[in-house]
Amino acid sequence: MVVTERIRLGQTSIVVFLSKIVASALGFGATVYVARLLGADTLGIYSLALTVVSWVGVFGTMGITGGIRKRISEQKEPAAYAVAGVLIIIALFIVATIGIFLLREQINNYIGYPAAGYVILMLGTTLIANVISAILNGQHLVHIVGVLSPVHTSSRAGTQIAAIAVGLGLAGMLGGYVIGHLVFIIIGGFVAIRNLPVLRLPQRRHIRRILSFAKYAWLGGLKGKTFNWVDIALLGAFVSTSFVGYYTAAWNIAQFLAIFSAAVSQTMFPKMSETAADGNPEAVASLLNDALSYAGLILIPGLVGGTLLAPRILRIYSPEFTQAGIVMSVLIIATLLQSYQKQFTTTINALDRPDIAFRVNAVFIGTNVTLNIILISIHGWTGAAVATAASVGISLIIAYQYVSSLITFSMPTAEIGRQWLAAIGMGTAVSGVQQ
């Protein structure tokens, strides 16, 4: 039974991984097209618009999507929890929209483009898509979310490329973002509703249980956005949009290498949550061990190869992007550390201890923001990358200590060591060919 379950989880991870590969390849192609045709300045403005949407989205959900996913994954009254979550998100979106409208001039000035109206549309579709994704993940339909990922990305990228081709420029890029999410919402929403029992209005206890998890989980969402966006957000205040574009390109490559680790974490959570709810910590520890064994499978060789070939990889965007080589290597290190940290915080949340995950995430956010402000002011965009890597390393150590206090597990050091040996061998061969 255990072997069969592991095979099923492995198959799901592969489906999610392959889907994310396709989605990332499509997104990468669209980014290269934009960078070559419109330049780093436009890419930087677009990144700042996404930054605003991401940060407002965190405060616009307040961890509700995490609460939805957790409660539905427990397999008890999923329909009531789904409806409760949707109602809460709608209320929070209304509040966020009012805030964006009141601050529209400041938002437009920060982005460097009159994008406040687009930000509202982008935020709305993003929140709805995130709720649907949380419901599907909670239903153990992780593979469906994975399959929808390239559909969403291809819709967004295709629309953006077509819009740019007809001269819509940045407006077409922002509009394409909205259309991509709408496609995900239509298909994903249909699947989610079909897999729910008869919908019914929730009771107060359903809302309370979502909020009881969300009051800690919101910082986890903030942590994720901090890892991906705080450096870009702060760079927007310190450097030109061109350098923001270079930095974004380096981040895209680092995030591409993290796809498999993200797929593992996404696949493991529903099973971990259900197992923890059944009172089986040994099984949770076994799942964590499996997750840690594969967290760096792509990132470790990616770090070695990316460091050696950074200029050649970045030249894909255009020659001007090659100056981000060192930044890209540091960001890959940050992403590798994050891949292990993510497995620990996923386990903590699965054990229904969002309060502990809150502490881990609070340390990361505080450290990351502080170090970014200090190091960007001293070393510019290189300082931003170093700050992110250092802060995630600190939070990784803390997360490890907390998980060790909750369950008994062992780090798969032998498997991780073999991955490093293979990567070093690959790097040696690559260096020999380059000389």
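Going along each chain's sequence as written, the residues are numbered from 1 onward. Since the coordinates come from a predicted model, pLDDT governs what is reported: local features require at least 70, and pairs of side-chain atoms require 80 or more to be given and counted, while whole-chain, interface and lining totals use all residues. Side-chain descriptors were evaluated using all non-hydrogen atoms of the structure, hydrogens and water having been removed beforehand.

Q: Can you break down the overall build of the chain residue by residue, with the values?
A: Secondary structure is summarised from DSSP: a helix means a run of H or I of at least four residues, a strand means a run of E of at least two, and numbering begins at the N terminus for each. When you go through the chain residue by residue, the secondary structure sums to 16 helices and 0 strands. Burial classes follow relative accessibility: with a 1.4 Å probe on protein chains only, a residue under 20% of its type's maximum area counts as buried, one over 50% as exposed, and anything between as partly exposed. The buried share of the chain, taken over its 435 residues, is 55%. Considering only intrachain contacts with a sequence separation of at least 6, the fraction spanning at least 24 residues in the chain is 85%. Per-residue and other accessible areas were derived by the Shrake-Rupley procedure at a 1.4 Å probe size, with only the shown protein chains allowed to occlude residues. Surface exposure of the chain reaches about 17,900 Å², of which carbon and sulfur atoms provide 67%. We call two residues in contact whenever any of their non-hydrogen atoms come within 4.5 Å of each other.

Q: Run through the side chain of S329, naming residues and quoting values.
A: With respect to the helices and strands, the residue S329 is situated in helix α13 (residues 325-350). Looking at S329, the relative accessible area reads 12%, which means it is buried. Dropping the residues within four chain positions of it, S329 is found in contact with L303, G306 and T307.

Q: An account of the packing of helix α3 (residues 78-102) against helix α5 (residues 116-138) is needed here, citing residue identities and associated values.
A: With axes taken as lines fitted to C-alpha atoms, and helix axes fitted only over the stretch in contact, angles between N-to-C directions fall between 0 and 180 degrees. In contact at an axis separation of 11 Å, α3 and α5 are set at 165 degrees when each is read in the N-to-C sense. As far as their axial angle goes, α5 and α3 are roughly antiparallel. By crossing handedness, the relation of α3 to α5 is classed as right-handed. Of the residues in α5, those in contact with A82, V86, I89, F93, A96, T97 and I100 of α3 are A116, V119, I120, L123, G124, L127, V131 and I135. The nonpolar class holds Ala, Val, Leu, Ile, Met, Phe, Trp, Tyr, Cys and Pro. Asp, Glu, Lys and Arg form the charged class, and all remaining residues, Gly among them, are polar. Looking at the contact of α3 with α5 residue by residue, the classes come out as 13 nonpolar, 2 polar and no charged. Orientation labels follow simple angle bins: below 35 degrees gives roughly parallel, above 145 gives roughly antiparallel, 65 to 115 gives roughly perpendicular, and whatever is left gives oblique. With the far helix as reference, a near helix turned anticlockwise by less than a right angle produces a left-handed crossing, and one turned clockwise produces a right-handed crossing.

Q: Give me a nonpolar patch on the surface: which residues, what numbers.
A: Put simply, a patch holds well-exposed residues, over 30% relative accessible area, that have no salt bridge, with like charges counted together within 9 Å and Val, Leu, Ile, Met, Phe, Trp or Tyr side chains within 5 Å. Here, a salt bridge means any Lys or Arg side-chain nitrogen found within 4 Å of an Asp or Glu carboxyl oxygen. There is a patch of nonpolar side chains on the surface, built from V86, L87, I90, I94, I98, F101, L102 and L103 and spanning about 750 Å² of accessible area. The topology assignment puts F101 in helix α3.

Q: Lay out the pattern of salt bridges in plain terms, naming residues and giving numbers.
A: The tally for this structure, following the rule as stated, stands at 5 salt bridges. In this structure, D355 and R359 form a salt bridge, with 3.7 Å as the shortest nitrogen-oxygen distance. Here R359 and D355 lie together in helix α14 (residues 354-379), a separation of 4 residues that amounts to about one turn. In this structure D355 comes out as buried when scored by relative accessible area, which is 16%. Each of R353, D355 and R359 takes part in salt bridges that share partners, so that together they form one network.

Q: Outline the confidence of the model for the chain, listing residues and values.
A: Counting all residues, the mean pLDDT for the chain is 82, and 87% of those residues have values of 70 or more. By mean pLDDT, helix α8 (residues 204-238) is the weakest element of the chain at 68, and helix α15 (residues 381-406) is the strongest at 91. For every residue, the predictor assigns a confidence score, pLDDT, that lies between 0 and 100.

Q: Go over the environment of A163, please, and point to the residues and values.
A: Tracing the backbone shows A163 in helix α6 (residues 142-165). Remark: the alpha-carbon pair of A163 and G175, spanning 12 residues in sequence, is separated by 8.6 Å. Leave out the neighbours within four places in its chain, and A163 touches L168, G169 and G172.

Q: Please provide a residue-by-residue account of the packing of helix α12 (residues 299-314) against α13, values included.
A: Interaxial distance between α12 and α13 falls to 9 Å at its minimum, and their mutual angle equals 160 degrees. One element, α12, and the other, α13, form an angle in the roughly antiparallel class. Crossing angle aside, the handedness with which α12 passes α13 is right-handed. Across the interface between the two elements, L299, I300, G302, L303, G306, T307, A310, I313 and L314 from α12 touch G325, M328, S329, I332, I333, T335, L336, S339 and Y340 from α13. When its residues are assigned to classes, the contact of α12 with α13 shows 11 nonpolar, 7 polar and no charged.

Q: Go over the environment of A49, please, and point to the residues and values.
A: Considering the arrangement of structural elements, one finds A49 in helix α1 (residues 2-61). A49 sits in the buried class, given a relative accessible area of 1%. When the C-alpha atoms of A49 and I107 are compared, they prove to be 8.8 Å apart, with 58 residues separating the residues in sequence. In this view, A49 contacts I111 and L174; residues no more than four positions away in its chain are not counted.

Q: I'd like to hear about the packing of aromatic side chains, residue by residue, with values.
A: Within a pair of aromatic rings, the relevant descriptors are the distance that separates the centres and the angle that separates the planes. Paired rings are identified among Phe, Tyr and Trp, the last through its six-membered ring, by centres lying within 6.5 Å, and are further divided according to the angle between planes into stacked (under 30 degrees), edge-to-face (over 60) and tilted (the rest). Scanning the model with the defined rule gives 3 aromatic pairs in all. Measuring from centroid to centroid gives 5.8 Å for Y400 and F409, while their planes differ by 75 degrees, and the two rings are edge-to-face. The rings of F344, Y400 and F409 are connected pair by pair, giving a single aromatic cluster. Only Lys NZ and Arg CZ are tested; either one counts as a charge over a ring when it is within 6 Å of the ring centre and within 35 degrees of the ring normal. Taking the ring centre of F101 as reference, the NZ or CZ of R104 above it sits at 4.2 Å.

Q: How would you sum up the environment of Y81? Please name residues and give values.
A: On the secondary structure map, Y81 appears in helix α3. Along the primary structure Y81 and L199 are separated by 118 residues, whereas in three dimensions their C-alpha atoms are 9.8 Å apart. Ignoring anything within four residues of it in the chain, the contact list for Y81 reads R71, I72, K76, H206, R209 and I210.

Q: Explain the nonpolar core to me, using residue names and the numbers behind them.
A: In terms of nonpolar packing, the biggest core is built from 69 residues, with Y247 and F321 touching the most fellow members. Here the element with the most residues in this core is α13; it accounts for 11 residues. Not counting the four nearest positions on each side in its chain, Y247 is found in contact with D231, I232, L235, V327, L331, W381, A384, A385 and T388. As used here, the term nonpolar core means buried Ala, Val, Leu, Ile, Met, Phe, Trp, Tyr and Cys residues forming a set that is joined through side-chain atoms within 4.5 Å. Core analysis: the second largest hydrophobic core is formed by 46 residues, A82, V131, L136 and M173 among them.

Q: Tell me what's going on with the side chain of N137, and back it up with residues and numbers.
A: On the secondary structure map, N137 appears in helix α5. Contact partners of N137, with chain neighbours within four places excluded, come to R69, V142, V145, Q266 and P270.

Q: Lay out the layout of surface pockets with the relevant residues and their values.
A: In this structure, the largest pocket encloses a volume near 360 Å³. For the largest pocket, the lining is made up of 17 residues, of which V86, I128, V131, I132 and I135 are closest to its centre. At the level of elements, α3, α5 and α7 (169-194) are the ones that each hand at least two residues to the lining of the largest pocket. A cavity, in this analysis, means grid points on a 1 Å lattice covering only the protein atoms where a 1.4 Å probe fits yet has no way out; a pocket is instead an open set bounded by protein on both sides within 12 Å along at least five of seven lines, and a residue lines either one if it has an atom within 4 Å of a point. Grid points are joined across faces, edges and corners, and a volume is the space filled by probe spheres set on the points.

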